[in-house]
Amino acid sequence: MLNQAALDQEDRQKYINIVVAAGIAGAVIFLAQDIMEWLLGVDFENPNIQNIPPAITTMLSKILPFLRFVGGGLIVVVVIIAVSKLKLALRPFR
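Here goes a summary of the coordinates provided.

Analysis parameters
Residues numbered from 1 in each chain as written. Predicted model: local features only at pLDDT ≥ 70, side-chain atom pairs only at ≥ 80, totals over all residues. Heavy atoms only, no water. Helix = DSSP H or I, 4+ residues; strand = E, 2+ residues; numbered from the N terminus. Buried < 20%, exposed > 50% of the residue type's maximum accessible area, 1.4 Å probe, protein only. Contact = heavy atoms within 4.5 Å. Core = buried A, V, L, I, M, F, W, Y, C linked by side-chain atoms within 4.5 Å. Phe/Tyr/Trp six-rings, centres within 6.5 Å; stacked < 30°, edge-to-face > 60°. Lys NZ or Arg CZ within 6 Å of the ring centre and 35° of its normal. Arc of directions from axis to C-beta. Salt bridge = Lys/Arg side-chain N within 4 Å of Asp/Glu carboxyl O.

As for the overall build of the protein chain
- If you tally the helices and strands in the protein chain, you get 3 helices and 0 strands.
- Secondary structure elements of the protein chain, listed N to C terminal, follow the sequence α-α-α.
- Counting all 94 residues of the protein chain, 18% fall into the buried class.
- Expressed as a percentage of contacts within the protein chain between residues at least 6 apart in sequence, the contacts between residues at least 24 apart total 76%.

As structure tokens, then:
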């Protein structure tokens, strides 16, 4: 796609910003269940203790593991991109 000569300083910064933003987004998605439990003060793994409707706990018990899978996948993709593209982008020009 891009060779080493095509990457100037502005492109390097764009790649770094995209990789950092995607990494943060992946981490937030991966930790969505923990963040929701902390913000709401509700434990979705033990819904019998709180006064939560069963439909909501059933829905969240299906969605939150999928979000963890998507977030983990996004983190893996970001690491692969960072290693492949930024390794070339951060080399000095010849």
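Having put the structure on the table, let's press on.
Side note on the nonpolar core
- Core analysis: the biggest nonpolar cluster contains 5 residues, these being V42, F44, I52, L60 and L64.
- If we ignore the near neighbours within four places in the chain, the residues touching F44 are Q33, M36, E37, L60 and L64.

Describing the packing of aromatic side chains
- In the structure shown here, the tally under the stated rule is 0 aromatic pairs.
- For the cation-ring pair, R68 lies above F30, with the distance from its terminal atom to the ring centre recorded as 5.0 Å.

Quick notes on helix α2 (residues 32–40)
- What α2 keeps buried is the set A32, Q33 and E37. Along α2, the residues classed as buried sweep out an arc of 130° about the axis, all on the same side. Turned more than 90 degrees away from the buried face of α2, the exposed residues are W38 and L39.
- Where α2 terminates, the next one or two residues include G41, which has phi positive at roughly 70°.

A look at the environment of K85
- You can see K85 is positioned in helix α3 (residues 54–89).
- Here K85 falls in the partly exposed class, since its relative accessible area comes to 23%.

Some details on the pattern of salt bridges
- Enumeration according to the criterion identifies 1 salt bridge in this entry.
- Notably, a salt bridge pairs R68 with D34, separated by 3.4 Å at the nearest N-O pair. Placement of the pair is R68 in helix α3 and D34 in helix α2, with a sequence separation of 34 residues.
- Take R68: its relative accessible area is 26%, and that puts it in the partly exposed class.
- For D34, a relative accessible area of 37% puts it in the partly exposed group.

All we've got here are geometric facts, nothing functional implied.
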